[in-house]
Amino acid sequence: LTAFRGRIQSLAVNQRLLVESEWRGVGLRELVLGQTAPFVEPAGSRLTIDGPAVRLTSSAAQAIGMALHELASNAVSHGALSVAEGRVAIAWSLDETGTEPR
């Protein structure tokens, strides 16, 4: 039941961000912060976020949001966030060598 409730909360975060943007997409940084907030203090030293401004489509935001939720949940249960000194770093970059950044 707890896992199910967490997934519903994750979907709610995605929906809130999409509604706030009028379904025009979601900033990746905002998505990371929203999905990790139930697990770690955003301004704390246990989470490092680094990457350029990236706007995800609504469908990408929903899929990546769920993946972030699952990864954060696993980090709390079995990984870095299961111990007091554990840290998580989330980083991304853009590949601009082609015709469109990716």
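Just above, that's the structure.
Heads up: these notes are all about the structure in this document.

## Considerations on the overall build of the protein
Right, on to step 1. The helix and strand tally for the protein stands at three helices and four strands.
Right, on to step 2. The order of α-helices and β-strands along the protein, N terminus first, is α-β-α-β-β-α-β.
Right, on to step 3. Dimensions of the protein, computed from the C-alpha atoms along their principal axes, are close to 45 × 30 × 20 Å.
Right, on to step 4. Counted over contacts in the protein with a minimum sequence separation of 6, partners at least 24 positions apart contribute 69%.
Right, on to step 5. Approximately 6,500 Å² of the protein is accessible, and the part contributed by carbon and sulfur atoms is 57%.
Right, on to step 6. Between the mean site of the 9 positive side-chain charges and the mean site of the 10 negative ones, the protein shows a separation of 6 Å.

## Structural notes on the pattern of salt bridges
Right, on to step 1. Per the counting criterion, the structure on display carries two salt bridges.
Right, on to step 2. The partner of Glu20 in a salt bridge is Arg16, and the shortest N-O contact between them spans 3.2 Å. Highlighted residues: Glu20 and Arg16, both in helix H1 (residues 2-20), separated by four residues, approximately one helical turn.
Right, on to step 3. Note on Glu20: relative accessible area 54%, which makes it exposed.
Right, on to step 4. On the basis of relative accessible area, Arg16 is assigned to the partly exposed category, the value being 41%.
Right, on to step 5. For Arg102, the salt bridge is made with Asp95, and the minimal N-O distance between the two is 3.9 Å.

## What to know about the packing of helix H2 (residues 28-36) against helix H3 (residues 58-77)
Axis angle and axis distance: for two packed helices, these are the angle between their axes and the distance between the axes, and together they describe the pair.
Right, on to step 1. Relative orientation of the contacting elements H2 and H3 amounts to 40°, with a least axis distance of 9 Å. In terms of orientation, H2 and H3 fall into the oblique class. Between H2 and H3 lies a crossing of right-handed hand. Residues Leu28, Leu31, Val32, Gln35 and Thr36 of H2 lie in contact with H3, whose contacting residues are Ala61, Ile64, Gly65, Leu68, His69 and Ala72.
Right, on to step 2. When the residues that make up the contact of H2 with H3 are grouped by side-chain class, the tally is seven nonpolar, four polar and no charged.

## Quick word on the nonpolar core
Right, on to step 1. Within the largest apolar cluster, 18 residues are counted, with the highest numbers of intra-cluster contacts made by Val26, Leu28, Leu31, Val32, Leu56, Ile90 and Trp92.
Right, on to step 2. Listed by contribution, the elements that provide at least two residues to this core are H1, H2, strand E2 (47-50) and H3.
Right, on to step 3. Leu31 has contacts with Asn14, Leu17, Val26, Leu56, Ala61, Ile64, Gly65 and Leu68, leaving out every residue within four places of it along the chain.

Calculation rules
- Residues numbered from 1 in each chain as written.
- Predicted model: local features only at pLDDT ≥ 70, side-chain atom pairs only at ≥ 80, totals over all residues.
- Heavy atoms only, no water.
- Helix = DSSP H or I, 4+ residues; strand = E, 2+ residues; numbered from the N terminus.
- Contact = heavy atoms within 4.5 Å.
- Areas by Shrake-Rupley, 256 points an atom, 1.4 Å probe, with all protein chains shown as cover.
- Lys, Arg positive; Asp, Glu negative; His and termini not counted.
- Charge placed at Lys NZ, Arg CZ, Asp CG, Glu CD.
- Salt bridge = Lys/Arg side-chain N within 4 Å of Asp/Glu carboxyl O.
- Buried < 20%, exposed > 50% of the residue type's maximum accessible area, 1.4 Å probe, protein only.
- Axes fitted to C-alpha atoms, helices over the stretch in contact; angles between N-to-C directions.
- Parallel < 35°, antiparallel > 145°, perpendicular 65-115°, else oblique.
- Left-handed = near helix turned anticlockwise from the far one by under 90°.
- Nonpolar A, V, L, I, M, F, W, Y, C, P; charged D, E, K, R; others polar.
- Core = buried A, V, L, I, M, F, W, Y, C linked by side-chain atoms within 4.5 Å.

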